[in-house]
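As a plain string of letters, each chain reads:
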Amino acid sequence: MNLIFLGPPGAGKGTLADLASAEMGIPHVSTGEIFRSAIKNGTELGKKVKAIIDSGSLVPDEDTIALVREKLASPELGSGWILDGFPRTVPQAQALEGLAEYRGAVNFEIGNEEVVKRLSGRRVCRGCSRNYHVDFMPPRKEGLCDACGGELYIREDDREGPIRKRLEVYRAQTEPLIAYFRQRGKLIDVDARPAPDKVMDALRAALKKD
Ligand code: AP5
């Protein structure tokens, strides 16, 4: 099954994509994660996108579309995929139409206030990129990853200024995709406010109904 995960920053797309990927046995592809890994490894792409990502703006469509085109052609995605964070603009959605078929776009619905709470408390493992939250999903040992023992850090774009910028960018450039997918009969709305296992229950139920 091919699924798109859509929603504001901090809606829980990455958290739910990890749960759904493990349950459904299909890979989780996060464009944000690919960019962060390029930055960490000092690649040309990483050097190009670092300042853009840290400020909360979007990477240009041409770079993002080229990256996804290459990724979707790789054999490990033959059994399906969850695209987390792509498409994020109408041109990206139009480009995807020419690249692959998909079951639907899951729209994780949540308000700004909750988003700010989630992003400002997020901690990420430097080793394996697992996400935590200081209040909602704390690690067993403060500052250390449960899975690999790596150090937890705060993403540059999880500071107050970039969070505000990301929300503005989402409303202006990504939210129009809700109407785009609805018009095509592909939108699957899911309430993202409850705890992750409840959101997963709602996603499972919505996919059964769809
Ligand atoms: P990306 O990494 O995709 O960031 P994002 O969309 O802003 O999403 P986040 O990772 O911030 O949040 P999420 O919804 O995955 O929530 P999470 O599960 O982590 O992109 C980063 C940047 O890369 C972009 O700003 C852009 O510059 C660039 N980029 C990426 N894709 C691009 C594209 N297609 N085009 C152009 N540029 C692109 O959860 C958040 C927190 O909440 C965590 O602490 C978690 O523990 C907690 N949490 C999660 N679910 C729950 C829950 N149900 N209850 C309580 N807490 C929860």
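Below you will find a few notes about this structure. Predicted model, so just to flag it, every value in this text is computed and none were measured.

## Points about the pattern of salt bridges
Counting across every chain of the model gives 19 salt bridges. The partner of Asp201 in a salt bridge is Arg204, and the shortest N-O contact between them spans 2.9 Å. Taken together, the residues span about one helical turn, with Asp201 and Arg204 both in helix α9 (residues 196-209) at a distance of three residues. Through salt bridges with shared partners, a single network forms among Arg122, Arg155, Asp157, Asp158 and Arg166.

## What about the packing of helix α4 (residues 61-72) against helix α5 (residues 90-97)?
Where α4 meets α5, the axes come as close as 10 Å, and the angle between the chain directions of the two elements is 25°. Between α4 and α5, the angle is such that the two are roughly parallel. As for how α4 packs across α5, the hand of that crossing is right-handed. Mapping the contact onto sequence places Asp61, Thr64, Ile65 and Leu72 in α4 and Pro91, Gln92, Ala95 and Leu96 in α5. Grouping the constituent residues of the contact of α4 with α5 by class yields five nonpolar, two polar and one charged.

## Considering the packing of helix α6 (residues 112-120) against helix α7 (residues 160-174)
Relative orientation of the contacting elements α6 and α7 amounts to 135°, with a least axis distance of 11 Å. When the interaxial angle is binned, α6 and α7 end up oblique. The handedness of the crossing between α6 and α7 comes out as right-handed. Counted together, Asn112, Val115, Val116, Leu119 and Ser120 of α6 and Ile163, Arg166, Leu167 and Arg171 of α7 form the full contact between these two elements. By residue class, the composition of the contact of α6 with α7 is five nonpolar, two polar and two charged.

## A few points about α5
The α-helix advances 3.6 residues per turn, and as a result positions three or four apart in sequence lie on the same side. Taken residue by residue, α5 has Gln92, Ala93 and Leu96 as its buried positions. Seen end-on, α5 carries its buried residues on one side only, within an arc spanning 100°. Lining the buried residues of α5 we find β1 (2-6), α4, β3 (81-84) and α8 (176-183).

## What to know about the sheet that holds strand β7 (residues 152-153)
Sheets are built from strands that pair by backbone hydrogen bonding, the pairs being arranged parallel or antiparallel. The strand order β6-β5-β7 describes an open sheet built from three strands, whose pairing is antiparallel. Strand pairing shows two members of the sheet lacking a second neighbour, β6 (131-133) and β7, which therefore form its edges. Across two bridges, strand β5 (residues 122-125) lies against β7 in antiparallel orientation. Directly across from Cys125, in β7, lies its bridge partner Leu152.

Calculation notes
- Residues numbered from 1 in each chain as written.
- Predicted model: local features only at pLDDT ≥ 70, side-chain atom pairs only at ≥ 80, totals over all residues.
- Heavy atoms only, no water.
- Salt bridge = Lys/Arg side-chain N within 4 Å of Asp/Glu carboxyl O.
- Helix = DSSP H or I, 4+ residues; strand = E, 2+ residues; numbered from the N terminus.
- Axes fitted to C-alpha atoms, helices over the stretch in contact; angles between N-to-C directions.
- Parallel < 35°, antiparallel > 145°, perpendicular 65-115°, else oblique.
- Left-handed = near helix turned anticlockwise from the far one by under 90°.
- Contact = heavy atoms within 4.5 Å.
- Nonpolar A, V, L, I, M, F, W, Y, C, P; charged D, E, K, R; others polar.
- Buried < 20%, exposed > 50% of the residue type's maximum accessible area, 1.4 Å probe, protein only.
- Arc of directions from axis to C-beta.
- Pairing = 2+ DSSP bridges.

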